[in-house]
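Summary of the model geometry
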Amino acid sequence: TLPLESELRVQIFDYDLLSGDDLIGETKIDLENRFLSARRGVCGLPKRYYVAGPYKWRDAELPRQILEKWCATQALPPPVWRGNSQVYVNGKTCCLRDYETRGQVHKDWGPPEERLALYTLLDLGLVPEHIETRTLYNPLRPEIPQGKIQIFVDIFPKSATIPPPINITPRAPQDLQLRVIVYNVQDVLLSDTSFTGEKMSDIYVKGWLKGQDKKQKTDVHYRSLNGEGNFNWRYVFPFKYLPAEEVMVIKKKEHFFSLDKHEEKHPVTFVCQIWDNDIFTPDDFLGLLELNLNFMPKANKFAKSVSLDDLPDNEKGKPVPMVSLFDQKNVKGWWPLYEEG
């Protein structure tokens, strides 16, 4: 109740399992100052007036009601309407066509007089819809910032019909599965020499999604004398995907004693490496390919036409056609591999 409870205090604590929680920092907001502000700081005004959809109007009053009330509190004449597309306020005439120049009306927009009232309110300098970034301070060290917090604060009278709170639950990622089939490799570097003096390689292919710990590899194609290997081997990689951000979501603990899992977001990048299998010495690295599945070079139909110019940022500066696996769902062909560095 204002003015008795005029200060909103937001505090951030460090959670401790065994001992008491520690105060990290806090910020204080003067609610009375916002309530009495001439710029109506109780609820920010959006750029458009929607009656449905994710941007639905969330104020307790309609734009036209706010405009009439604001004129009364500022000792101004009430707004004079000429139809539903023109209004005279504070010595200025506002026309709907000046704000909606394209002439296209979205299906979720409200009546024209409400839209015009909203545009007029924004022109008058009332507080727009925004997210505040406030600095946190600790009472023990009031001169040192302890971080920042992003919030928005709405003030509604109890006598009004209070709109439901906005659902700010983070988007839930989709459970997807990447399936990769390695059929053949060609022109692989021959890094070993057989007992008979022939150049050869024992080839296998390793693959994984960057950010995931699990790596998979094919069986070994032994004694390849011409750089060719045949596998017909399939990898399966389950992952969680956020389409709106085009990223893969990975949840894992930062260390052994962590209580909760930490969420990381990575581009969905498939990494493919070719190795030469050795028994008594470490395996030899032969080639690498990284494919961002949202923006990957188009595959070649024939192995003979493959070159490093088919990759982005090639030395010749040749433009490369790019595709998205999430749009096409399935791609097949040949890609070049290269050595790191």
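Let me sum up the structure you'll find in this document. Throughout, a residue's number is its position along its own chain's written sequence, starting from 1. In view of the model being predicted, local features appear only for residues whose pLDDT reaches at least 70, and side-chain atom pairs are presented and counted only at 80 or more, with totals across whole chains, interfaces and linings using the full set of residues. Excluding hydrogens and water, the side-chain values take into account all heavy atoms of the structure.

1. Considering the packing of aromatic side chains
A pair of Phe, Tyr and Trp rings is counted when the ring centres sit within 6.5 Å of each other, with Trp represented by its six-membered ring. The angle between the planes then sorts it: under 30 degrees is stacked, over 60 is edge-to-face, the rest tilted. In total, this model carries nine aromatic pairs according to the counting rule given. Pairing Y50 with Y55 gives two aromatic rings, centres 5.8 Å apart and planes at 45°, and the pair type is tilted. Judged by its relative accessible area of 16%, Y50 falls in the buried class. Overall, Y55 belongs to the exposed group, its relative accessible area being 59%. Centroid distance W275 to F285: 5.4 Å. Interplanar angle 70°. Geometry classified as edge-to-face. Of this pair, W275 sits in strand β16 (residues 269–276) while F285 is found in strand β17 (residues 284–292), placing the two residues 10 residues apart along the sequence. The class of W275 is buried, set by a relative accessible area of 18%. In this structure an aromatic cluster arises from ring pairing among Y50, Y55 and W109. Criterion for a charge above a ring: Lys NZ or Arg CZ within 6 Å of the ring centre, and within 35 degrees of the ring normal. In this arrangement the basic side chain of R64 is found over the ring face of W81, its NZ or CZ atom lying 4.4 Å from the centre. In this arrangement the basic side chain of K215 is found over the ring face of W208, its NZ or CZ atom lying 4.1 Å from the centre. Here's how the labels work: a residue is buried when its accessible area is under 20% of the maximum for its type, exposed when over 50%, partly exposed in between, all with a 1.4 Å probe on protein chains only. Numbering goes from the N terminus for both helices and strands, where a helix is a DSSP run of H or I of at least four residues and a strand is a run of E of at least two.

2. Here's the deal with the pattern of salt bridges
Any two side chains of opposite charge can pair, given that their charged atoms come close. We count a salt bridge whenever a side-chain nitrogen from Lys or Arg sits within 4 Å of a carboxyl oxygen from Asp or Glu. Within this structure, the stated rule accounts for 14 salt bridges. We note a salt bridge from R40 to D59, for which the minimum N-O separation is 3.0 Å. Taken together, the residues span a long stretch of sequence, with R40 in the loop between α1 (31–35) and α2 (63–73) and D59 in the loop between α1 and α2 at a distance of 19 residues. The residue K240 makes a salt bridge to D175 at a minimum N-O spacing of 2.6 Å. With K240 in strand β13 (residues 229–242) and D175 in strand β8 (residues 174–185), this pair connects stretches of sequence that are 65 residues apart. By relative accessible area, which is 60% here, D175 ends up exposed. If you follow the salt bridges from partner to partner, you end up with R40, D59, E61 and K69 in one network.

3. Digging into the sheet that holds strand β14 (residues 247–252)
Pairing between strands requires that DSSP locate at least two bridges from one strand to the other. Read across the open sheet, the four strands follow the order β8-β13-β14-β15; overall the sheet is antiparallel. Of all the strands in the sheet, just β8 and β15 (262–266) have a single pairing partner and so form its edges. Ignoring which end each strand starts from, the neighbouring axes of this sheet average 40° apart. Lines are fitted to the C-alpha atoms to define the axes, a helix being fitted only along its stretch in contact, and any angle between axes, read from their N-to-C directions, falls within 0 to 180 degrees.

4. Some remarks on the nonpolar core
Residues L178, V205, L209, F239, V268, F270 and L293 are the most contacted members of the largest nonpolar core, which totals 29 residues. Breaking this core down by element, the ones donating at least two residues are β8, β10 (199–209), β13, β14, β16, β17 and α5 (325–328). Per-element accounting of this core gives the leading share, five residues, to β13. Within the second largest apolar cluster, 19 residues are counted, among which are L45, W70, V87 and L126. Residues enter a nonpolar core if they are buried and are Ala, Val, Leu, Ile, Met, Phe, Trp, Tyr or Cys, with the set joined through side-chain atoms within 4.5 Å.

5. Notes on the pairing of β16
Taking burial as the measure, the eight residues of β16 include eight buried ones, the bulk of the element. Because side chains alternate across β16, one face comprises the buried residues T269, V271, Q273 and W275, and the other comprises F270, C272, I274 and D276, equally buried. Examined bridge by bridge, β10 and β16 share seven bridges and lie antiparallel to one another. The residue of β16 that forms the bridge with G207 is C272. Where β16 meets β17, eight bridges bridge the pair, whose relative direction is antiparallel. Paired with W275 across the bridge in β17 is F285.

6. Brief notes about the layout of surface pockets
Computed from the structure, the largest pocket encloses a volume of approximately 1,500 Å³. V180, I181, L291, G333 and W335 are the residues nearest the centre of the largest pocket, which is lined by 48 residues in total. Looking at the lining of the largest pocket, the elements with two or more residues in it are β8, β13, β16, β17 and α5. With 11 residues, the top contributor of residues to the lining of the largest pocket is β8. Only protein atoms enter the calculation, which uses a 1 Å grid: trapped sets of points that fit a 1.4 Å probe without letting it out are cavities, open sets showing protein on both sides within 12 Å along at least five of seven lines are pockets, and any residue with an atom within 4 Å of a point is a lining residue. Grid points are joined across faces, edges and corners, and a volume is the space filled by probe spheres set on the points.

7. Here's the deal with a nonpolar patch on the surface
Residues with no salt bridge and a relative accessible area higher than 30% make up the patches, which join like charges within 9 Å and nonpolar side chains (Val, Leu, Ile, Met, Phe, Trp, Tyr) within 5 Å. The Shrake-Rupley method, run with a 1.4 Å probe, gives the accessible areas here. Residue values count only the displayed protein chains as cover. Judged by side-chain polarity, Y15, L17, L18 and L259 come together as a nonpolar surface patch covering roughly 540 Å² of accessible area. Among the secondary structure elements, L259 is positioned in the loop between β14 and β15. Looking at L259, the relative accessible area reads 55%, which means it is exposed.

8. Let's talk about helix α4 (residues 112–123)
In this model α4 runs 17 Å from its N-terminal to its C-terminal C-alpha over 12 residues, within 8% of the 16 Å that 1.5 Å per residue would give. Of all the positions in α4, only E114, R115, L116, A117, L118, Y119, T120 and L121 are classed as buried. Contacts were defined at the residue level, with two residues in contact if any of their heavy atoms lie within 4.5 Å. Buried residues in α4 make contact with α2, β3 (80–81), β4 (86–89), β5 (92–95) and α3 (96–99). Once α4 ends, the next one or two residues include G125, with phi positive near 95°. The span you would expect from a helix comes to 1.5 Å times its residue count less one.

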